[in-house]
Amino acid sequence: MKIPPVKGTRDFYPPEMARHNWIIDGWRKASLRSGFEEYDGPIFEHLSMYQLKSGQEIVEQLFSLQDRGGRDLAIRPEITPTLARMVNQRINALPRPIKWFAVPRLCRAERPQKGRLREFFQWNIDIVGEDSGQADAEIIFTTLDYLRMVGLTPRDVQAKISSRRLLAAVLTSIGIPAARLEALYAVLDKKPKLPPETFDALLAEQVPDTYQAEKIRALMALNSIEQIAGIVEPNEALAQAVDELRTVLDILNAMGMGDYCAFDPSIVRGLAYYTGVVFEVHDIAGELRAICGGGRYDNLLRDFGGPPISATGMGMGDCVLEILLEQRGLLDKQVPKRELEYFVALADPQAIRSVYEIAARIRSKGRSAGFSYRQGGLSKQLKEAAGQDARICVIVGQEYRDKRQVVLKNMGTGEQELVDVEQFLSRLGS
RNA sequence: GUGAGAGUAGCUCAGUUUGGAUAGAGCAUUGGAUUGUGGUUCCAAGGGUCGAGGGUUCGAAUCCCUUCUCUCACCCCA
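What counts and what doesn't
Residues numbered from 1 in each chain as written. Chains lettered and ligands numbered in written order. Predicted model: local features only at pLDDT ≥ 70, side-chain atom pairs only at ≥ 80, totals over all residues. Heavy atoms only, no water. Helix = DSSP H or I, 4+ residues; strand = E, 2+ residues; numbered from the N terminus. Rg over C-alpha atoms; globule rule 2.2 N^0.38 Å. Buried < 20%, exposed > 50% of the residue type's maximum accessible area, 1.4 Å probe, protein only. Axes fitted to C-alpha atoms, helices over the stretch in contact; angles between N-to-C directions. Parallel < 35°, antiparallel > 145°, perpendicular 65-115°, else oblique. Left-handed = near helix turned anticlockwise from the far one by under 90°. Contact = heavy atoms within 4.5 Å. Nonpolar A, V, L, I, M, F, W, Y, C, P; charged D, E, K, R; others polar. Near = heavy atom within 4 Å. Polar contact = N/O pair within 3.5 Å; in protein donor to acceptor, adjacent residues only side chain to side chain.

With respect to the overall build of chain A
- Check the secondary structure of chain A and you find 16 helices and 17 strands.
- Against the compact-globule benchmark of 22 Å for 430 residues, chain A has a radius of gyration of 28 Å, which places it well outside the compact range.
- Taking the principal axes of the C-alpha coordinates as reference, chain A spans close to 95 × 55 × 50 Å.
- For chain A, the residues scored as buried account for 47% of the 430 residues in total.

Here is the structure:
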């Protein structure tokens with residue numbers, strides 16, 4: 001009986017594993033060079049941890065299980081609650097700011113489609129305990145630093161940045177009641193995906209007042225925060241929100257990321273826990289779903305039973321990223337090829353023991369070495385070596401028995417040299 | 001949960017319109033040409049429940065019904 005793979009999962013055969021590892025290595029490098037430390041938690045948690053701050057729909061998209069003690073558990077669909085739990089547990093002992101990153105494997109029982117699977121990896125970076133826009137700018141910088149490092153340019157991707165505080169301040173000042181903001185956010189969030197008439201119709205449902213609706217349309221059309229003054233009267237809350245966002249954009253400019261960044265008021269982000277700066281990175285063509293998203297969530301630690309400490313972060317899944325990198329031809333030329341440094345070939349059937357010995361001694365020097373498990377001519381062995389992408393073949397033949405010499409054949413150039421085996425091995429270093 | 005499309009070799013596909021004999025090709029794999037020199041080339045081999053079940057028929061990959069799976073889009077997107 002054949003057992004199929006589970007829906008929405010991937011098998012990583014060696015070529016896919018090489019790509020995957022290259023992506024994750026890049027995430028780690030970008031994190032570490034911006035001063036983030038790696039952490040991780042368990043792959044399952046108490047179900048109640050995800051019920052705490054999430055809606056019913058989201059709980060239905062969890063893979064949940066009961067352990068033998070009857071405890072309700074769930075495979076993690078995100079790592080931010082785990083981060084909140086871990087930070088809260090040691091909040092008084094951790095030096096701040098807390099800059100942590102993780103590359104968790106996550107599961108969500110959603111319907112799979114392009115760029116979205118049921119099991120995936122997600123790069124997370126978070127800064128806890130820093131209120132200023134410097135932290136938001138660091139998160140966005142680190143994200144863009146990675147994307148730039150793998151070869152994506154401002155012609156490929158753009159960080160669209162906005163602020164929930166700013167949105168709230170504008171909407172409140174034109175007379176939208178605070179209780180209606182949440183529902184309105186959902187409409188604004190959809191704007192880029194909808195034709196203008198459809199958006200207008202949805203907006204009219206939420207905001208029947210044509211004056212207010214007109215103001216909102218004007219707000220959504222802005223592409224610079226300076227233009228906000230032209231839409232609404234200044235006030236304290238608005239000035240603060242504008243100032244915070246301007247700080248973030250200024251820092252990103254100073255760090256050389258200005259070309260990647262744009263103010264975009266249609267960025268709202270789905271879930272309720274965002275409180276301040278929010279951002280998403282999209283492919284310029286807009287063909288794919290968001291590459292990553294993040295923002296400030298100042299209430300989350302408190303909501304998980306900790307003190308009121310601010311936080312800001314970002315999550316980037318591997319699925320959309322890999323599709324984009326493949327599209328741009330950035331994978332094949334950058335993912336390291338499989339490579340075997342030495343292949344020990346046998347040209348003297350009586351010397352098979354020397355092949356084992358030499359291969360083992362090369363390995364003991366920290367270099368990779370292989371040899372053929374089959375009996376066959378030298379021609380066969382070289383073919384096998386080529387198949388394994390060996391760089392150099394060490395040919396053990398008659399000269400070895402006579403004078404302890406082997407032939408080193410460079411498989412790239414075809415050049416050969418006859419060398420003393422002890423000299424060759426000592427050249428390899430410790 | 002809703003809608004559309006697709007299932008034939010490990011992969012990419014032809015064959016289905018108009019039913020016909022042992023279901024094909026390229027790539028990949030394995031062996032040989034080649035017992036001290038690889039990549040190229042040439043020859044050969046292995047590999048199939050034509051997604052599954054039922055029906056029509058002398059005869060079904062092909063027509064009909066049911067079902068499963070996958071993909072894409074919608075909903076949602078932490």
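A closer look at the packing of helix α6 (residues 164-173) against helix α7 (residues 181-190)
- Where α6 meets α7, the axes come as close as 12 Å, and the angle between the chain directions of the two elements is 115°. With respect to α7, the axis of α6 lies roughly perpendicular. Classified by chirality, the crossing of α7 by α6 is right-handed. Touching Arg164, Leu167, Ala168, Leu171 and Thr172 of α6 are Leu181, Glu182, Leu184, Tyr185 and Leu188, all from α7.
- Along the lines of polarity and charge, the residues of the contact of α6 with α7 split into seven nonpolar, one polar and two charged.

What to know about the protein's contact with RNA strand B
- Close to RNA strand B lie 35 residues, the nearest being Glu78, Arg374, Lys380, Gln398 and Gln416.
- Near-protein atoms of RNA strand B (within 4 Å) split between backbone and bases, with sugar and phosphate holding 46%.
- Here a base oxygen of RNA strand B sits 3.0 Å away from a polar atom, N or O, in the side chain of Ser379.
- Secondary-structure elements contributing two or more residues to the surface near RNA strand B are α14 (378-387), α15 (398-403) and β16 (405-410).

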